[in-house]
Amino acid sequence: MIRTSFNEGWQVRPKVNPFAELAGVVVPYQDVTLPHDAMITQTRVPSEDGAAGAYFPGGVYEYRKTFFVPEEHRGKRIAIEFEGVYRDATVHINGDYAGQRPYGYSQFHIDADRFLRFGQDNEIRVEARAHQDSRWYTGAGIYRDTWLLVGEVVRIPSDGVRITTPDIDAERAVVEVATTVVNDSIAIHTADLVTELRDAAGAVVASGTSKVTVLPGQPATVRQRLYVRDPLLWSVEAPALYTCEVRLADLDSERVTFGIRSLRLDPQHGLRINGESVKLRGACVHHDNGVLGAATFARAEERRVRILKEAGFNAIRISHQPMSKAMLDACDRLGMLVVDETFDVWTSAKSPYDYSLNFPEWWERDIEAMVAKDYNHPSVIMYSIGNEIPETGTPSGAAWGRRLAEKVRALDGTRYVTNAINNMLAVMSELGAFMQQAAEDEGAGINTLMADAGDAMNAVAVSDLVTERTAESYAVLDVAGMNYSDSRYALDREKFPDRIILGTETFPTRIDRNWALVQQYSTVIGDFTWTGWDYLGEVGIGRPQYVSPDGERPPHNAPYPHQTADCGDIDITGHRRPASYYREIVFGLRTEPYLAVRRPEHHGKTFAGSPWAWSDTLASWTWPGHEGAPITVEVYAAADEIELLLNGRSLGRQPVERFRTAFETTYEPGELVAIAYRDGAETGRDLLRSATGPVRLRAEADRLTISADGGDLAYVTLTLTDADGIPYTSADRPVRLEVSGTGVPAGFGSACPSTEERFDAAERRTHDGRALAVLRPTGPGKIHVIATAPDCEPAEIVISVESA
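What you see is a predicted model, and the numbers here were worked out from it, not measured in a lab.

Student: Can you break down the pattern of salt bridges residue by residue, with the values?
Tutor: Per the stated rule, a full pass over the model turns up 64 salt bridges. One salt bridge in this structure joins Asp-492 and Arg-499, with 2.8 Å as the shortest N-O distance. Assigned by exposure class, Asp-492 and Arg-499 land together as buried. Residues Arg-685 and Glu-682 are paired through a salt bridge, measuring 3.0 Å at the closest nitrogen-oxygen approach. Overall, the relative accessible area of 45% leaves Arg-685 in the partly exposed class. By sharing partners, the salt bridges in this structure join Arg-299, Glu-302, Arg-306, Arg-333, Asp-702, Arg-703 and Asp-712 into a single network.

Structure (structure tokens):
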């Protein structure tokens with residue numbers, strides 16, 4: 001089918017009761033271009049139940065668009081594809097109900113031709129609603145791409161080409177192409193179907209022709225086995241891609257991208273890709289794009305994948321919903337493995353109005369949509385059928401798990417099935433009795449143990465109660481996904497020697513110990529931290545906190561106006577935080593040490609952060625106002641010992657434990673150097689300098705030339721620095737943005753975890769000396785950006801926008 005972007009020309013407004021507008025328009029529409037998040041521009045409000053969604057209010061939004069359908073399209077098949085609408089989407093065309101989709105993360109199609117007026121303008125309306133239906137910031141509205149699909153009555157439907165590579169060796173690869181052909185006419189049709197496989201340079205490497213007869217109303221599947229000589233295999237290190245073009249006579253054609261790679265799984269070798277054992281260095285990632293909200297632009301997804309890979313990750317577990325097409329494409333191109341996830345709930349609700357209300361009726365269609373979307377992507381190696389599903393500890397929940405797993409296998413037998421099970425949540429209904437028994441067995445020590453959430457989860461995870469209650473739920477899987485249960489890794493090696501485990505969600509503060517277990521046990525194939533990238537909602541679960549003077553510990557969530565979880569290796573602007581460099585060292589990917597300094601204003605306080613909270617550190621030696629005050633310097637390194645030099649003076653050497661050490665000193669501006677030693681020999685060093693002199697505002701674009709099409713964006717980082725480019729992390733001030741030319745701001749903000757500032761404002765305050773502006777092109781030409789801040793010279797930058 002011919003695919004055309006349907007993103008332009010939309011309007012949106014909060015839904016209005018039609019009776020309220022009998023006397024005229026009450027709420028005007030606003031022009032928007034998709035993808036669009038209708039929630040991110042709403043005013044946040046303090047509320048007792050708002051922490052999950054970053055204190056953004058729920059609401060109902062209505063979109064409309066007028067589009068012309070030419071007379072020559074009469075008799076064709078016309079559909080509208082929505083890659084994602086959050087949530088409870090209903091679609092009307094020319095006033096008639098055309099379809100709906102309750103789940104906010106599924107791709108769906110609306111068969112539109114029966115509702116259309118040919119040779120005239122047509123109107124489509126889409127309603128979407130979001131209200132207390134999730135545990136994180138979801139956004140709202142038509143937040144992913146839309147497409148208009150036009151085809152003949154005899155055609156290849158959307159997602160009608162599926163490719164597998166069942167047999168691979170060094171000399172050749174078997175590529176099986178299964179093409180579905182549908183016939184909506186009343187006559188039998190016979191046509192030639194020609195398939196060509198091309199390499200990255202465009203050269204044809206294999207081809208085949210098959211004749212296909214399609215009966216009315218009865219789809220036909222054409223299977224062709226093609227042979228690629230000397231295949232280039234897709235892998236994380238070398239993500240080689242091929243293109244498959246299928247032509248159905250002069251009726252239709254489809255083009256898909258695929259990779260040639262093999263997957264194997266066993267307890268002795270773990271996960272093997274193309275015969276090589278691979279350990280998953282994983283990042284859990286939510287779907288929002290920080291300052292853009294939930295709007296899913298192709299460039300935003302690619303940027304996230306690229307930054308995550310540069311930080312040392314080789315796998316993403318999208319949490320907790322199906323991944324966008326744009327991110328899958330980026331993972332294919334850049335070489336990032338994917339665990340794609342279905343649901344956060346099945347039949348047991350976690351929020352008052354969540355997907356559990358729709359799950360029993362819709363789960364099969366939503367799994368079908370996810371598999372259809374993922375099938376040709378070599379990056380996808382595993383499907384997760386759920387996350388922390390409470391039912392997994394019950395016989396009924398195990399039966400549901402079997403049902404979901406078998407549904408996935410029936411649709412795609414080439415990948416593995418997991419389920420991210422939280423063992424403590426699985427036995428929550430019996431946890432009280434377990435705790436009481438544990439207290440009787442261990443005495444007062446249990447209170448100390450349970451004061452730490454990580455220790456508590458691990459203590460429960462190794463209990464006989466969990467072993468018994470979860471046995472069937474794990475048995476229906478290819479890979480036992482475990483959230484916060486590293487204590488089971490060694491235990492299950494003995495109890496279930498054929499059980500292959502994946503740490504589907506783990507604490508960032510325990511990566512050194514977890515990664516040692518991953519390396520030690522062949523049955524444990526990887527670790528996915530919570531999280532790789534900070535996100536909106538679940539506010540403050542990873543924020544640095546301290547015990548109050550009266551000994552009170554902070555609550556789990558932060559109060560308004562906190563807006564981020566504050567627990568990612570990478571903040572919402574894409575800036576790597578100290579935890580990211582520590583992880584890179586633990587992974588064995590960085591030889592140099594890394595310097596991080598605890599904020600001196602908290603020196604001497606008792607840290608009380610959650611297991612998701614990293615120490616309150618910053619890679620900065622600029623702390624004006626703290627001269628002569630005590631300060632703690634952390635150094636991360638894969639070394640025996642670290643020597644710290646301050647302005648050329650040695651502060652001594654200290655041993656390294658768990659890849660880190662900490663020095664106590666007093667702050668004085670200048671130069672701080674950490675030198676790592678192993679076996680007495682230097683292995684690397686890191687350096688921090690204090691910023692000096694006047695504060696300057698620097699604007700730097702990720703690219704100076706972008707495309708006018710295809711969801712491209714320009715990212716402009718605004719940094720307060722000195723003349724040498726050293727960040728002034730303690731000189732935050734408001735920055736005003738002026739954008740003119742062929743572009744508009746798509747989002748403007750900082751990584752500040754707690755603020756009332758808006759992402760659609762023209763002025764934002766920097767955080768730790770940084771802010772980020774994201775620009776969306778409106779057509780070919782030039783985008784002119786001028787940024788100003790108090791006591792700084794304006795910073796200007798020009799970005800060229802070219803037609804694709």
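Student: Would you mind going over the nonpolar core in detail, with residue names and values included?
Tutor: Counting 122 residues, the largest nonpolar core has Trp-10, Tyr-63, Phe-82, Ile-93 and Ile-124 as the members making the most contacts within it. At six residues, the largest contribution of residues to this core is made by helix α3 (residues 359-374). Leave out the neighbours within four places in its chain, and Trp-10 touches Gln-30, Asp-31, Val-32, Leu-34, Tyr-63, Arg-64, Lys-65, Phe-82, Ile-124, Val-126, Ile-142 and Thr-146. Counting residues in each nonpolar core, the second largest holds 34 residues, with Trp-234, Ile-273, Val-466 and Tyr-484 among its members.

Student: Lay out empty space enclosed by the protein with the relevant residues and their values.
Tutor: Using the criterion set out here, one finds three cavities of 30 Å³ or more in the structure. Its boundaries defined by the atoms lining it, the largest cavity holds a volume of some 140 Å³. Taken together, 15 residues form the lining of the largest cavity, with Asp-133, Ser-134, Trp-136, Asp-344 and Tyr-355 sitting closest to its centre. Across the lining of the largest cavity, the residue classes tally to six nonpolar, three polar and six charged. Approximately 80 Å³ is the volume attributed to the second largest cavity. Lining the second largest cavity are Asn-289, Gly-290, Val-291, Leu-292, Ala-300, Arg-303, Arg-304, Trp-533, Ile-572, Tyr-715, Leu-772 and Val-774. Mapped onto the lining of the second largest cavity, the elements with two or more residues apiece are α1 (298-310) and β44 (770-777).

Student: Which residues make up the state of the cysteines, and what are the values?
Tutor: One pass over the full model with this rule turns up zero disulfides. There is no disulfide at Cys-752, and the cysteine sulfur nearest it, in Cys-567, is 16 Å away. Residue Cys-752 is classed as buried on the basis of its relative accessible area of 18%. The thiol sulfur of Cys-792 is not disulfide-bonded, and the nearest other cysteine sulfur, from Cys-752, lies at 18 Å.

Student: Explain the sheet that holds strand β14 (residues 189-198) to me, and be specific about the residues and the numbers.
Tutor: Taken in spatial order, the four strands line up as β15-β14-β17-β18 in an open sheet, and their pairing is antiparallel. Strands at the two margins of the open sheet, each flanked by one partner only, are β15 (204-214) and β18 (252-258). Across the sheet, the axes of successive neighbouring strands diverge by a mean angle of 15°, strand direction being ignored. By the bridge criterion, six bridges tie β14 to strand β17 (residues 242-248) in an arrangement that is antiparallel. Of the residues in β17, the one forming a bridge with Glu-196 is Glu-245.

Student: Explain unusual backbone geometry to me, using residue names and the numbers behind them.
Tutor: The omega torsion across Trp-530 and Thr-531 is -5°, close enough to zero to call that bond cis. With respect to the helices and strands, the residue Thr-531 is situated in the loop between β29 (524-529) and α13 (578-586). A cis amide bond links Tyr-560 with the next residue in sequence, Pro-561, at an omega value of 15°. With a phi angle near 50°, Asn-94 is a residue other than glycine that sits in the positive phi range. One can find Asn-94 in the loop between β6 (89-93) and β7 (96-101). When its relative accessible area of 14% is taken as the criterion, Asn-94 is described as buried. A positive phi angle is found at Asp-791, which is not glycine, with a value near 65°. Along the polypeptide, Asp-791 turns up in the loop between β45 (781-788) and β46 (795-802). In this structure Asp-791 comes out as exposed when scored by relative accessible area, which is 73%.

Student: Could you give me a rundown of the packing of aromatic side chains, with the residues and numbers involved?
Tutor: The geometry of two aromatic rings is summed up by the distance between their centres and the angle between their planes. Applying the stated criterion across every chain, the model contains 33 aromatic pairs. When the centroid spacing of 6.2 Å and the interplanar angle of 85° are considered together, the rings of Tyr-355 and Phe-359 count as edge-to-face. Phe-359 carries the same exposure label as Tyr-355, and that label is buried. Consider the rings of Trp-515 and Phe-587, whose centres lie 4.7 Å apart with planes at 65°: the pair is edge-to-face. You can see Trp-515 sitting in helix α12 (residues 511-520) and its partner Phe-587 sitting in the loop between α13 and β30 (594-598), a full 72 residues away along the chain. Note on accessibility: Trp-515 and Phe-587 belong to one class, buried. Through pairs of rings, three or more aromatic residues link up here, namely Tyr-86, Tyr-103, Tyr-105, Tyr-143, Phe-343, Trp-346, Tyr-355, Phe-359, Trp-363 and Trp-400.

Student: Describe α13, naming the residues involved and giving the relevant values.
Tutor: With respect to burial, α13 is a largely interior element, nine of its nine residues being buried. After α13 finishes, the residue Gly-588 shows a positive phi value of roughly 80°.

Student: Help me get a handle on the sheet that holds strand β32 (residues 630-636), residues and values and all.
Tutor: Strand order across the open sheet formed by four strands is β31-β30-β32-β35, with antiparallel pairing between neighbours. The sheet is open, and its two edges are formed by β31 (617-618) and β35 (660-666), each paired on a single side. Sheet topology places β30 next to β31; two bridges connect them, and they run antiparallel. Note on β31: the bridge partner recorded for Val-597 is Leu-618. Here α13 sits on the sheet in contact with β30, β31, β32 and β35, set at roughly 145° to β30.

Student: So, helix α2 (residues 325-334): which residues are in play, and what are the values?
Tutor: One turn of an α-helix holds 3.6 residues; hence residues three or four places apart share an orientation. Most of α2 is tucked away: eight of the 10 residues are buried. Along α2, the residues classified as buried are Lys-325, Ala-326, Met-327, Leu-328, Ala-330, Cys-331, Asp-332 and Leu-334. Following α2 by one or two positions, Gly-335 has its phi on the positive side, about 85°.

What counts and how
Residues numbered from 1 in each chain as written. Predicted model: local features only at pLDDT ≥ 70, side-chain atom pairs only at ≥ 80, totals over all residues. Heavy atoms only, no water. Salt bridge = Lys/Arg side-chain N within 4 Å of Asp/Glu carboxyl O. Buried < 20%, exposed > 50% of the residue type's maximum accessible area, 1.4 Å probe, protein only. Core = buried A, V, L, I, M, F, W, Y, C linked by side-chain atoms within 4.5 Å. Helix = DSSP H or I, 4+ residues; strand = E, 2+ residues; numbered from the N terminus. Contact = heavy atoms within 4.5 Å. 1 Å grid on protein atoms, 1.4 Å probe; cavity = no way out; pocket = protein on both sides within 12 Å on 5 of 7 lines; lining within 4 Å. Points joined across faces, edges and corners; volume = space filled by probe spheres on them. Nonpolar A, V, L, I, M, F, W, Y, C, P; charged D, E, K, R; others polar. Disulfide = S-S within 2.5 Å. Pairing = 2+ DSSP bridges. Axes fitted to C-alpha atoms, helices over the stretch in contact; angles between N-to-C directions. Phe/Tyr/Trp six-rings, centres within 6.5 Å; stacked < 30°, edge-to-face > 60°.

Remember that the coordinates give geometry; whether it matters functionally is a separate question.
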